[in-house]
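A closer look at the structure
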Amino acid sequence: GKKGWQRVKWSDSMVRLLITAVSYISEEAGGEDHAHRRKMLSLHKKGKWKSVSKVMAERGHFVSPQQCEDKFNDLNKRYKRLNEILGRGTSCEVVENPSLLDMMDHVSNKEKEEVRKILSSKHLYYEEMCSYHNGNRLHLPPDPDLHHSLRLALMLTDDNDTKSSHEDAAADHDSEDLEDFIGSEQNKRAKKSSQDFSFRNSSISLAPNQNNDACEGGGKRTQTSSRVTVSLQLEEQRFHIQEQMLELENERLKWQQLCQKQDRELEMMKLENQRMKMENEQMALELKRKELGMD
């Protein structure tokens, strides 16, 4: 229950799962379809942290929506403050090599102390937050099952909100208008009843069978339509997941190509350095020979 949430110690896997879940929700809210984007932005505000808490629980991490929100906001605050002091590109370099901070004369001593305090935090996760803010998955491993669970959780939130709004709208109808409507309908039925009494008596034996057939046919059509709708929704979700997986695979290949290119450039630089070293040694030998010849 809501009162049964316990204090939790966030492990590395829990924090990375939290950031990954929030990144998937942000991707959903940033889709190309305008109507879908507006719908997801609305769910983003209403049921974001409930959905995150739900998928965390599915992985065995029982944290409340408020705990998820507080933890992510703390991570986001550290990330933004670091970029605010150092700049985004410089922050990456300082995170990788904190000794660079001592050579930055434009940063005040007070700000340097603040940066050191942030860097010493065990829960910085700068690289993961950098992937989240830049909309890539360089430091956030793809998790299609998590993405699918989040979509289902958000859809469930949307269904509950829609049902509640319909019930509230029905409860807010004006009672006087409803009574007037019922009264007018009763008058119409009474007048029609006095005129068509004999016709209804003659056709009463046929009406039940016709009504039953209509109800059965309508029920079958409704069930068929529901099954088709659910099937289409599942198929759409499957295509969306496949599309996401292809995009992730494309990003992975691009990253591999970039790494290979950098490795080749590094190897070429090493060879160039060796060549220059050999030339320097050769020049040194020539100088020694000349000195010996002069002596």
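Residues numbered from 1 in each chain as written. Predicted model: local features only at pLDDT ≥ 70, side-chain atom pairs only at ≥ 80, totals over all residues. Heavy atoms only, no water.

1. Describing the overall build of the protein
- When you go through the protein residue by residue, the secondary structure sums to eleven helices and zero strands.
- Counting from the amino terminus, helix and strand elements in the protein follow one another as α-α-α-α-α-α-α-α-α-α-α.
- For the protein, the proportion of its 295 residues judged to be buried stands at 24%.
- When contacts within the protein are restricted to residue pairs at least 6 apart in sequence, those whose partners lie at least 24 apart make up 73%.
- Surface exposure of the protein reaches about 21800 Å², of which carbon and sulfur atoms provide 53%. (Helix = DSSP H or I, 4+ residues; strand = E, 2+ residues; numbered from the N terminus. Buried < 20%, exposed > 50% of the residue type's maximum accessible area, 1.4 Å probe, protein only. Contact = heavy atoms within 4.5 Å. Areas by Shrake-Rupley, 256 points an atom, 1.4 Å probe, with all protein chains shown as cover.)

2. Side note on a nonpolar patch on the surface
- Among the surface-exposed residues, Leu-138, Trp-255 and Leu-258 lie close enough to one another that they form a single nonpolar patch of about 280 Å² accessible area.
- Tracing the backbone through its elements, the reader meets Leu-258 in helix α11 (residues 207-294).
- Taking relative accessible area as the criterion, Leu-258 reaches 38% and is therefore assigned partly exposed. (Patch = residues over 30% accessible without salt bridge, like charges linked within 9 Å, V, L, I, M, F, W, Y side chains within 5 Å. Salt bridge = Lys/Arg side-chain N within 4 Å of Asp/Glu carboxyl O.)

3. Brief notes about the nonpolar core
- Residues Trp-10, Leu-18, Ile-19, Val-52, Met-56, Cys-68 and Leu-86 are the most contacted members of the largest nonpolar core, which totals 38 residues.
- Of all the elements in the fold, those that place two or more residues in this core are α1 (12-29), α3 (48-58), α4 (65-86), α6 (109-119), α7 (126-134) and α8 (144-171).
- Top contributing element to this core by residue count: α1, with nine residues.
- Discounting residues that sit within four places of it in the chain, Cys-68 has contacts with Trp-10, Leu-18, Trp-49, Val-52, Ser-53, Met-56 and Val-63. (Core = buried A, V, L, I, M, F, W, Y, C linked by side-chain atoms within 4.5 Å.)

4. Details of the packing of aromatic side chains
- Across all of its chains, the model carries three aromatic pairs by this definition.
- Seen from their ring centres, Phe-72 and Tyr-132 are 5.2 Å apart, and the 85° between their planes marks the pair as edge-to-face. With a gap of 60 residues between them, Phe-72 in helix α4 and Tyr-132 in helix α7 connect regions that are remote in the sequence.
- Since its relative accessible area comes to 3%, Phe-72 is described here as buried.
- A centroid spacing of 5.0 Å and a plane angle of 40° characterise the contact between Tyr-79 and Tyr-126, whose relative ring orientation is tilted. Taken together, the positions of Tyr-79 in helix α4 and Tyr-126 in helix α7 put the pair 47 residues apart, joining distant regions of the chain.
- For Tyr-126, a relative accessible area of 4% puts it in the buried group.
- One aromatic cluster is present, built from ring pairs that chain together Trp-49, Phe-72 and Tyr-132.
- Across the ring face of Tyr-24, the terminal group of Arg-137 is positioned such that the distance to the ring centre comes to 4.1 Å.
- A cation over an aromatic ring shows up here: Arg-238 above the ring of Phe-239, its NZ or CZ 4.8 Å from the ring centre. (Phe/Tyr/Trp six-rings, centres within 6.5 Å; stacked < 30°, edge-to-face > 60°. Lys NZ or Arg CZ within 6 Å of the ring centre and 35° of its normal.)

5. Let's talk about the pattern of salt bridges
- According to the stated counting rule, one finds 14 salt bridges in the structure shown.
- Ionic pairing is found between Glu-235 and Arg-238, a salt bridge with its closest N-O pair at 2.4 Å. Placement of both Glu-235 and Arg-238 in helix α11 is noted, with a separation of three residues, approximately one turn of the helix.
- Accessibility expressed as a relative area gives 38% for Arg-238, which makes it partly exposed.

6. Here's the deal with unusual backbone geometry
- Phi is positive for Tyr-125, which is not a glycine, with a value near 50°.
- Mapped onto the secondary structure, Tyr-125 falls in the loop between α6 and α7.

7. What to know about the side chain of Ser-149
- Following the sequence through the fold, Ser-149 ends up in helix α8.
- A polar contact is formed between the side chain of Ser-149 and the side chain of Glu-58, at a distance of 3.3 Å.
- With near-sequence residues (within four places) excluded, Ser-149 lies in contact with Val-55 and Glu-58. (Polar contact = N/O pair within 3.5 Å; in protein donor to acceptor, adjacent residues only side chain to side chain.)

8. Focus: the packing of α4 against helix α5 (residues 88-96)
- Relative to each other, α4 and α5 sit at 110°, their axes nearing to 7 Å. Our classification of the angle between α4 and α5 gives roughly perpendicular. Facing α4, whose interface residues are Tyr-79, Leu-82, Asn-83 and Leu-86, α5 presents Arg-88, Thr-90, Ser-91, Val-94 and Val-95.
- Each residue belonging to the contact of α4 with α5 can be placed in one class, and the counts come to five nonpolar, three polar and one charged. (Axes fitted to C-alpha atoms, helices over the stretch in contact; angles between N-to-C directions. Parallel < 35°, antiparallel > 145°, perpendicular 65-115°, else oblique. Nonpolar A, V, L, I, M, F, W, Y, C, P; charged D, E, K, R; others polar.)

9. Looking at the packing of α4 against α7
- At a closest axis distance of 10 Å, the pairing of α4 and α7 adopts a crossing angle of 90°. Classed by the angle they form, the pair α4 and α7 counts as roughly perpendicular. Every residue of α7 that contacts α4 at Phe-72, Leu-75, Asn-76, Tyr-79, Lys-80, Leu-82 and Asn-83 is listed here: Tyr-126, Met-129, Cys-130, Tyr-132 and His-133.
- Classifying every residue of the contact of α4 with α7 gives eight nonpolar, three polar and one charged.

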